[in-house]
Amino acid sequence: MILIDGVEIKTIEDGLTWNGAKDTVTRNLSFSFLYNPMREDIPKYKVAINSRVEWKEENKTLFLGFVESLDYSTDNDNISVNCVDFASRLIRSKCVGRFYGTLTELANKICASFNIKNGISDSTTQKHNIVSTGDKTYYEILQTACKTLYDSFTLYMDSNTLKLQLPTKEPIATFEIGKNIRASSFSQSMSEMVNKVIMIDNDGNVYGSVENKSDLSKYGLFQDVYNYNTDISNNVEEARKQLKSVENNGSIVVNNDNNCISGQYIKVIEPVNGFEGIFEILTDSHTIGSDSVMTLELNNVG
């Protein structure tokens with residue numbers, strides 16, 4: 001069920017699309033419905049730029065946002081509606097000033113500016129001091145704070161609430177080649193590998209290193225350098241973030257499951273070679289209709 005400004009649209013055409021990506025945060029919803037104000041046999045639903053849009057299934061709100069663009073065709077008697085959720089305002093709005101406080105305090109302040117709810121109840125007590133001269137967006141303020149605390153995280157909107165998800169690697173669904181996967185492709189690359197990082201001070205003196213011993217033994221040396229930063233409390237952990245292993249990426253096309261969205265984890269099984277892997281969903285694209293299907297871009301995490 002789709003509602004525009006609280007009114008249910010009952011002439012939605014087949015092929016609603018819903019997608020998102022871990023890196024871009026914003027989720028998008030696109031659909032079309034019958035529309036021609038000159039015809040008496042077509043309901044005259046109203047829609048405009050910035051109209052509030054909600055998509056619900058089984059009493060659960062899957063999307064809440066606003067209309068970003070419209071495309072009306074008199075020849076086809078329909079109007080195409082493209083929507084974004086409220087995270088888009090955090091991403092597109094730049095800020096000026098000093099942002100000081102814990103992650104929760106920063107989120108409280110920023111969410112209040114956009115009249116959205118803060119669902120981030122982070123227990124960390126570290127105080128962040130982030131300054132923007134107009135070069136950062138509100139989202140980048142929160143992203144900067146999160147990056148100092150966590151190696152991996154996902155900020156996302158749940159209805160009208162901003163939330164923070166940390167990796168659990170617990171799969172929410174299992175897909176097996178030859179059973180419930182329509183199409184798939186997988187790739188491996190070591191082009192970005194870094195398995196040892198040397199730490200140096202401002203004078204070029206080496207004072208330590210971090211390494212991935214397993215990759216170093218298996219693939220040989222791929223080395224990078226980290227410069228000590230006096231403003232960072234744990235330089236060893238920052239240097240460790242520069243380590244990169246083999247990239248194992250994939251893409252699958254399967255029957256739609258609205259629970260499978262960016263930032264979540266799934267299990268993929270390849271029975272011939274006995275491979276089972278846990279993959280993080282990097283991007284998701286769902287097409288809802290007579291043949292509901294989704295495409296997931298994946299990264300192997302274990």
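A brief report on the enclosed structure follows. (Residues numbered from 1 in each chain as written. Predicted model: local features only at pLDDT ≥ 70, side-chain atom pairs only at ≥ 80, totals over all residues. Heavy atoms only, no water.)

1. Description of empty space enclosed by the protein
Here is step 1 of the chain: Within this structure, the stated rule accounts for one cavity of 30 Å³ or more.
Here is step 2 of the chain: Here the largest cavity is characterised by a volume of approximately 30 Å³.
Here is step 3 of the chain: Lining of the largest cavity is provided by Arg-27, Leu-62, Phe-63, Leu-64, Asp-85, Met-157, Asp-158 and Ser-159.
Here is step 4 of the chain: Take the lining of the largest cavity: its biggest share by element is three residues, from strand β6 (residues 60-73).
Here is step 5 of the chain: A class-by-class count of the residues in the lining of the largest cavity yields four nonpolar, one polar and three charged. (1 Å grid on protein atoms, 1.4 Å probe; cavity = no way out; pocket = protein on both sides within 12 Å on 5 of 7 lines; lining within 4 Å. Points joined across faces, edges and corners; volume = space filled by probe spheres on them. Helix = DSSP H or I, 4+ residues; strand = E, 2+ residues; numbered from the N terminus. Nonpolar A, V, L, I, M, F, W, Y, C, P; charged D, E, K, R; others polar.)

2. Focus: the layout of surface pockets
Here is step 1 of the chain: Volume-wise, the largest pocket comes out at about 720 Å³.
Here is step 2 of the chain: Around the largest pocket, the lining is made up of 22 residues, and of these Leu-243, Ser-245, Asn-299, Asn-300 and Val-301 lie nearest the centre.
Here is step 3 of the chain: Of all the secondary structure elements, the ones that give two or more residues to the lining of the largest pocket are α4 (213-219), β18 (247-255), β20 (275-288) and β21 (293-300).
Here is step 4 of the chain: Residue contributions to the lining of the largest pocket peak at three residues, all from β18.
Here is step 5 of the chain: Taken together, the residues of the lining of the largest pocket sort by class into seven nonpolar, six polar and nine charged.

3. Describing the sheet that holds strand β17 (residues 223-227)
Here is step 1 of the chain: On the basis of which strands lie adjacent, the open sheet formed by three strands has the order β16-β15-β17 and mixed pairing. The outermost strands of the open sheet, each flanked by one partner alone, are β16 (206-211) and β17. Sheet twist, expressed as the average angle between the axes of neighbouring strands with direction ignored, equals 25°.
Here is step 2 of the chain: Note that strand β15 (residues 196-200) and β16 share five bridges and pair antiparallel. Bridging across to β16, Met-199 finds its partner in Gly-208. (Pairing = 2+ DSSP bridges. Axes fitted to C-alpha atoms, helices over the stretch in contact; angles between N-to-C directions.)

4. Points about the nonpolar core
Here is step 1 of the chain: Judged by nonpolar contacts, the single largest core of 29 residues is most densely connected at Leu-90, Ile-110, Ile-116, Leu-142 and Leu-162.
Here is step 2 of the chain: For Ile-110, the residues in contact, after removing those within four places along its chain, are Leu-90, Phe-99, Tyr-138, Ile-141 and Leu-142. (Core = buried A, V, L, I, M, F, W, Y, C linked by side-chain atoms within 4.5 Å. Buried < 20%, exposed > 50% of the residue type's maximum accessible area, 1.4 Å probe, protein only. Contact = heavy atoms within 4.5 Å.)

5. A look at the pattern of salt bridges
Here is step 1 of the chain: The final tally for this structure, using the stated rule, is 14 salt bridges.
Here is step 2 of the chain: Between Lys-44 and Glu-40 there is a salt bridge; the shortest N-O distance is 3.8 Å.
Here is step 3 of the chain: Taking the relative accessible area as the measure of exposure, Lys-44 reaches 46% and is therefore partly exposed.
Here is step 4 of the chain: A relative accessible area of 72% places Glu-40 in the exposed class.
Here is step 5 of the chain: One salt bridge in this structure joins Glu-237 and Arg-240, with 3.8 Å as the shortest N-O distance. Of this pair, Glu-237 and Arg-240 both sit in helix α5 (residues 235-240), three residues apart, which is roughly one turn of that helix.
Here is step 6 of the chain: The class for Arg-240 is partly exposed, based on a relative accessible area of 37%.
Here is step 7 of the chain: Bridged by salt links that share partners, the residues Arg-39, Asp-41 and Asp-77 form one connected network. (Salt bridge = Lys/Arg side-chain N within 4 Å of Asp/Glu carboxyl O.)

6. Concerning helix α2 (residues 103-113)
Because an α-helix packs 3.6 residues into every turn, residues spaced three or four apart end up facing the same way.
Here is step 1 of the chain: Here α2 has its buried residues at Leu-103, Thr-104, Leu-106, Ala-107, Ile-110 and Cys-111. Relative to the axis of α2, the buried residues are bounded by an arc of 155° and lie together on one face. Exposed positions of α2 whose direction lies more than 90 degrees from the buried face are Ala-112 and Ser-113.
Here is step 2 of the chain: The inward-facing, buried residues of α2 contact α1 (87-92), β8 (94-101), β9 (117-118), β10 (128-137), α3 (138-149) and β12 (161-165).
Here is step 3 of the chain: Just beyond α2, the residue with positive phi is Asn-115, at close to 60°. (Arc of directions from axis to C-beta.)

As far as function goes, none of this settles anything; it's purely spatial.
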